[in-house]
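A look at the structure
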Amino acid sequence: MELSVKYTFLEVDDHEAALAFYRDALGFEVRQDVAMEGARWLTVGSAAQPELGIVLQTAGVARPPDDARALRELLAKGSLSGLVLETDDVDAAFEQVRAPGAEGHQE
């Protein structure tokens, strides 16, 4: 039996800023954008890895109130786990993120 990762989830507090970073600065595809009352699931991913989706979910959604508050506080401190990205050209990736329109949108 083979297992693979299909989705990974990141808590975000500003979907538009996250979208500007992942889509506009990094060039990821938007695969799904689902808005509901009080929540949003935005799935992005690299064209090079169509089998893997990064779900940017509203921080604390569907959690008990104390847990949701704790997650939002950790997010504000930058204390939640994130992603490790890999590239064959770190200088080009750095310049792409620093390009006009990309600055100020880093998560």
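Heads up: the structure comes first, above all this text.
First, a word on scope: everything that follows refers to the structure included in this document. (Residues numbered from 1 in each chain as written. Predicted model: local features only at pLDDT ≥ 70, side-chain atom pairs only at ≥ 80, totals over all residues. Heavy atoms only, no water.)

**Quick look at the sheet that holds strand β3 (residues 39–45)**
An order of β1-β4-β3-β2 is seen for the 4 strands of this open sheet, with the pairing classed as mixed. A strand with exactly one partner marks an edge of an open sheet, and here the two such strands are β1 (7–12) and β2 (29–36). The mean inter-strand angle of the sheet, taken between neighbouring strand axes irrespective of direction, is 20 degrees. Across 7 bridges, the pairing between β2 and β3 is antiparallel. Across the sheet, residue M36 finds its bridge partner in β3, namely A39. With respect to the sheet, helix α1 (residues 15–25) is in contact with β1, β2, β3 and β4 (53–58), its orientation differing from that of β3 by roughly 5 degrees. (Pairing = 2+ DSSP bridges. Helix = DSSP H or I, 4+ residues; strand = E, 2+ residues; numbered from the N terminus. Axes fitted to C-alpha atoms, helices over the stretch in contact; angles between N-to-C directions. Contact = heavy atoms within 4.5 Å.)

**Focus: the layout of surface pockets**
Taken as a whole, the largest pocket spans an internal volume of roughly 630 Å³. Along its surface, the largest pocket is lined by 22 residues, and L26, F28, L85, E86 and T87 are the ones closest to its centre. In terms of residue count, the dominant contributor to the lining of the largest pocket is helix α3 (residues 90–98) (6 residues). For the lining of the largest pocket, the per-class residue count stands at 14 nonpolar, 6 polar and 2 charged. (1 Å grid on protein atoms, 1.4 Å probe; cavity = no way out; pocket = protein on both sides within 12 Å on 5 of 7 lines; lining within 4 Å. Points joined across faces, edges and corners; volume = space filled by probe spheres on them. Nonpolar A, V, L, I, M, F, W, Y, C, P; charged D, E, K, R; others polar.)

**What about helix α2 (residues 65–77)?**
Taking 1.5 Å per residue, 13 residues should reach 18 Å; α2 reaches 19 Å between its end C-alpha atoms and fits that length. Residue G78 follows α2 closely and has a positive phi angle near 75 degrees. (Expected span 1.5 Å × (residues − 1).)

**Topic: the packing of aromatic side chains**
Going through the model one piece at a time under the given rule, you end up with 2 aromatic pairs. Each residue in the set F21, Y22 and F28 is aromatic and connected to the rest through ring pairs, giving one cluster. (Phe/Tyr/Trp six-rings, centres within 6.5 Å; stacked < 30°, edge-to-face > 60°.)

**Topic: the pattern of salt bridges**
Going through the model one piece at a time under the given rule, you end up with 6 salt bridges. For D24, the salt bridge identified is with R23, shortest N-O distance 2.6 Å. Using a relative accessible area of 44% as the deciding quantity, one classes D24 as partly exposed. Within this structure, E16, D33 and R40 form a network of salt bridges that share partners. (Salt bridge = Lys/Arg side-chain N within 4 Å of Asp/Glu carboxyl O. Buried < 20%, exposed > 50% of the residue type's maximum accessible area, 1.4 Å probe, protein only.)

Nothing here speaks to function; it is all geometry.
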